Amino acid sequence: MTAASMAGAHTKTTATISLSSHRARLLAALLIAFGLTTFRLDFQSLWYDEGVTAFLARQGPLALTQWTAGDIQPPLYYYVAAGWGALAGWSEWSLRFPSAWWVTLTTALMAALTLRLSASRSAAALAALLTALHPLLIYYGQEARMYAQLTALGVLAGYLLVRLATASASSLYGWIAFVLVGAAAVYTHYFAVFLLVGLALAFTVDVLVRETGRPAVKKLWALTLAGAAILLLYAPWLGALFGQLRNDRSYWEGALKLQEAIAKVAVAFTSGETVFEQTALWLLGGYAALTAIAVGRLWRRVDQGRRLLLYAGCWLLTPVIAVLALAMTIPKFNARYVMEALPGLLLIWAGGFGLPGNTSAWTPWSTLRRASTLLLLLGFFYGAAGWFFNPAFSKDQWRQITEFLRPRLAEDETVLLVSGHAWPVWEYYAPDLPAVRLPALDILDVDAVLDFPTTGAALRRAFAEGSGLRGAWLVTWQAEVVDPNDVVPVQLELSGREKGQSATFHGLGLRRFTGFREHRFVVEPPIDVTVDLVFGNQVILRGYKAMDNGDLLLFWERLLPAGEPGPDLHMTLATTTAEGVPVATTPERRLAGYTYPFARWRPGEIVASHVPARTWLDAAEPTPGAYRFTLRVFDMNDPTASPLPLADGRTEVELGPVEVAIE
């Protein structure tokens, strides 16, 4: 054998070994992704959103489509869940498995995409590993929601477009595939359109840089036609989309806190959602430094690096900027809404730290590259460990609370569910435990705030004399949204008495009441003492009531017209005995619940302010007797915090004596 043939054989053997090693690393990454996303997949309870998935997936196609047309998500994910559930059943494990599969697929697709952009097997293997270990992907890979599917479809669309950028303009099947995947993405989540725009922007720049003349024009025309085809396929759903934008009442009106929103995205994309906020914010500096190093290294690699950086940058920034801009108008935002942008950041890290140096010799840069990769992986391990092993990050424990209640619910007791729109997850776990829903809504409406007329009528029906019911277990979830003023607990305390119980469940509240009488539920604000005091011609204190457990109720009414947003009114209370001995000074607080500010009140509405005994009497078990309290009202938007004057010019009023008789 000649020297040349020996050298050729050696080169071929080396290439074969390198390819085998690459395949082994990819297989390992896929096994890691699948193993982590299926590890203890059914350990956590389903939470509300997953309960909606379980409910919709078990409906027929028509009912499923009608529901999603009035909800905040399009239907494709639910169709997939329905098809899978029909084959594999409706257990927690089965409901979540499609998300685990999508994350595993994303791991493979990220490797293929990175290899296509960088021509580097080491960068592709690192992309797969980072995807498999990223705590945000692990988290949503174990949730029965559409975000893992959306991410996978986004990566597949990106891969197809990157491939089409270097293919011939007549790659018909490639463009058909891109259209179908793009349409699937927007039928999975509305915000997928922003990712497609970002990918189209990167494709356009890429083509114009690489090609000129007729070939470039053909590819850009093909992209335009593909976008039109996606829009055409989505046309049947446009009415539902625009209708939802007009009618969605699942968020509070107000202004988006842009800085906080950006911080939440940065934390989610680095530490995930299972690291305490302060720790995650502290770690952001390190992640920012690592990202800057990766970007700098890619920029210096004119051949592969800058093209990868183009796609990654558009991928990362376009959806985030677009969703944040939309949230400035419609202030509903969660970091998971832009999860489709995460692969852009993973591409930057994989390319920056995975592309080999120009020499195989040791250099400070090679050491920095390896150290940076190690730091990223350590951060990911830390975030993933929080999800698997820290109880603070548990999902709302619906399964556990229903298992607790089932043997303890007496024959004369029922369940009161606040918020009532949580019924899908309740029915998934406890179809045998009927619940009274307050309010009885299918989908959250933040304007459906509970008051005494609505709750009184519903409770009188539920506990009518002929029902045989005399007690209830109150299960609360998102009560700060629908019952910010504690109207339901007040109603239950007025009609009966609380029976202590010590069980606690993550994300849920549980209280037990007994001794109900139908006529004691009130359908009007239960004012005992009428005062009708006007503060600053903005709000009137109609009266107050001391409850049998020592809590104090204040009843307010807005005077400003409905068109005016109104100030942010707060109050302070200073309590004394009837003889003038100081008892407590209540810290400033909003007139009603914190999540029900004055600007949300409707003219003519009587709003209750519930001040617990432990606050205004400074005692968990207050002493019976007569008390007085001094009340001041002021606007927190006023830098001077000057108290609003009463009609006679006073800036505070003393009320009482209030007889507190603990029963």
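Throughout what follows, the structure given in this document is the object of discussion. These figures come from a predicted structure and were not determined experimentally.

Thresholds, definitions, all that
- Residues numbered from 1 in each chain as written.
- Predicted model: local features only at pLDDT ≥ 70, side-chain atom pairs only at ≥ 80, totals over all residues.
- Heavy atoms only, no water.
- Helix = DSSP H or I, 4+ residues; strand = E, 2+ residues; numbered from the N terminus.
- Lys, Arg positive; Asp, Glu negative; His and termini not counted.
- Charge placed at Lys NZ, Arg CZ, Asp CG, Glu CD.
- Polar contact = N/O pair within 3.5 Å; in protein donor to acceptor, adjacent residues only side chain to side chain.
- Contact = heavy atoms within 4.5 Å.
- Salt bridge = Lys/Arg side-chain N within 4 Å of Asp/Glu carboxyl O.
- Buried < 20%, exposed > 50% of the residue type's maximum accessible area, 1.4 Å probe, protein only.
- Core = buried A, V, L, I, M, F, W, Y, C linked by side-chain atoms within 4.5 Å.
- Phe/Tyr/Trp six-rings, centres within 6.5 Å; stacked < 30°, edge-to-face > 60°.
- Lys NZ or Arg CZ within 6 Å of the ring centre and 35° of its normal.
- Pairing = 2+ DSSP bridges.
- Axes fitted to C-alpha atoms, helices over the stretch in contact; angles between N-to-C directions.
- Parallel < 35°, antiparallel > 145°, perpendicular 65-115°, else oblique.
- Left-handed = near helix turned anticlockwise from the far one by under 90°.
- Nonpolar A, V, L, I, M, F, W, Y, C, P; charged D, E, K, R; others polar.

**Side note on the overall build of the chain**
- Secondary structure assignment for the chain yields 22 helices and 13 strands.
- For the chain, the spread of C-alpha atoms along the three principal axes comes to 110 × 55 × 45 Å.
- Across the chain, the 52 positively charged side chains and the 53 negatively charged ones have centroids separated by 17 Å.

**Considerations on unusual backbone geometry**
- The omega angle of the peptide bond from Val418 to Ser419 is 20°, so this bond is cis rather than trans.
- Cis geometry is adopted by the peptide bond preceding Pro657, which originates at Gly656 and carries an omega value of 5°.
- A positive phi angle, close to 50°, is found at Arg40, a residue other than glycine.
- Following the sequence through the fold, Arg40 ends up in the loop between helix H1 (3–38) and helix H2 (48–57).
- Backbone geometry places Ala119, a non-glycine residue, at a positive phi of 55°.
- Locating Ala119 in the fold gives a position in the loop between helix H5 (92–118) and helix H6 (121–133).

**Digging into the side chain of Gln304**
- Positionally, Gln304 belongs in the loop between helix H13 (277–300) and helix H14 (305–329).
- Separated by 3.5 Å, the side chains of Gln304 and Arg301 make a polar contact.
- Every residue in contact with Gln304, bar those within four places of it in the chain, is listed here: Leu117, Ser118 and Ala119.

**Quick notes on the pattern of salt bridges**
- For the coordinates displayed, the defined rule picks out 19 salt bridges.
- Note that Glu557 is salt-bridged to Arg542, the shortest N-O span being 2.8 Å. A residue pair is termed long-range when its members are at least 10 positions apart, and Glu557 in strand S8 (residues 552–558) and Arg542 in strand S7 (residues 539–546) qualify at 15 residues.
- For Glu557, a relative accessible area of 13% puts it in the buried group.
- Across the pair Glu605 and Arg602 runs a salt bridge whose closest N-O atoms are separated by 3.6 Å.
- Look at Glu605 and you get buried, because its relative accessible area is 11%.

**Notes on the nonpolar core**
- Among the nonpolar cores identified, the biggest contains 135 residues, and Phe178, Phe269, Trp349, Trp398 and Trp426 are the most heavily contacted of them.
- Ranked by residue count, the leading element in this core is helix H8 (residues 147–166), at 13 residues.
- Residues within four places of Phe269 in sequence aside, it is in contact with His134, Leu136, Leu316, Val320, Val338, Met339, Ala341, Leu342, Leu345 and Trp349.
- Counting residues in each nonpolar core, the second largest holds 34 residues, with Leu541, Met571, Val653 and Val660 among its members.

**Quick notes on the packing of aromatic side chains**
- Following the criterion strictly, the structure yields 36 aromatic pairs and no others.
- Look at Trp101 and Trp102: their rings are 4.9 Å apart centre to centre, the planes differ by 75°, and that puts the pair in the edge-to-face class.
- Owing to a relative accessible area of 13%, Trp102 belongs among the buried residues under this scheme.
- Look at Tyr428 and Tyr429: their rings are 4.9 Å apart centre to centre, the planes differ by 85°, and that puts the pair in the edge-to-face class. Taken as a pair, Tyr428 and Tyr429 share a single burial class, namely buried.
- The lysine or arginine in question, Arg40, covers the ring of Phe43, its NZ or CZ lying 4.0 Å from the ring centre.
- Directly above the ring of Phe598 sits Arg558, whose terminal nitrogen or CZ lies 5.2 Å from the centroid.

**A closer look at the pairing of S7**
- Within S7, 7 of the 8 residues are buried, which leaves it mostly tucked inside the rest of the structure.
- Pairing between strand S6 (residues 529–535) and S7: 5 bridges, direction antiparallel. Its bridge partner lying in S7, Leu533 is registered against Leu541.
- Taken together, S6 and the strand that follows it, S7, pair antiparallel across an intervening segment of 3 residues, in which Gly536 is found at a positive phi of about 60°.
- Sheet analysis places S7 next to S8, joined by 7 bridges and oriented antiparallel. Paired with Gly543 across the strands is Phe555, a residue of S8.
- The antiparallel hairpin formed by S7 and S8 contains 5 residues in its connecting segment, where Gly550 sits at a positive phi of about 95°.

**Structural notes on the sheet that holds strand S12 (residues 625–635)**
- Spatial strand order, S10-S9-S12-S13: 4 strands in an open sheet with antiparallel pairing. With partners counted over all chains shown, the strands left at the sheet margins are strand S10 (582–590) and strand S13 (653–660), one partner each. For this sheet, the mean angle separating the axes of adjacent strands, direction not counted, is 20°.
- Of the pairings in the sheet, the one linking strand S9 (residues 569–577) to S12 comprises 9 bridges and is antiparallel in character. Counterpart to Thr576 in the pairing with S12 is Arg628.

**Section: helix H19 (residues 452–462)**
- Every buried residue of H19 is listed here: Phe452, Thr455, Gly456, Ala458, Leu459 and Ala462.
- Where H19 is buried, its residues touch strand S1 (413–418), strand S2 (435–437), helix H21 (487–495), S8 and strand S11 (606–611).

**Focus on the packing of H5 against H14**
- Axis separation between H5 and H14 bottoms out at 8 Å; the angle between their running directions is 135°. With respect to their mutual orientation, H5 and H14 come out oblique. By crossing handedness, the relation of H5 to H14 is classed as right-handed. Contacts between H5 and H14 involve Leu113, Arg116, Leu117 and Ser118 from the former and Arg307, Leu308, Tyr311 and Trp315 from the latter.
- Split into classes, the residues belonging to the contact of H5 with H14 amount to 5 nonpolar, 1 polar and 2 charged.

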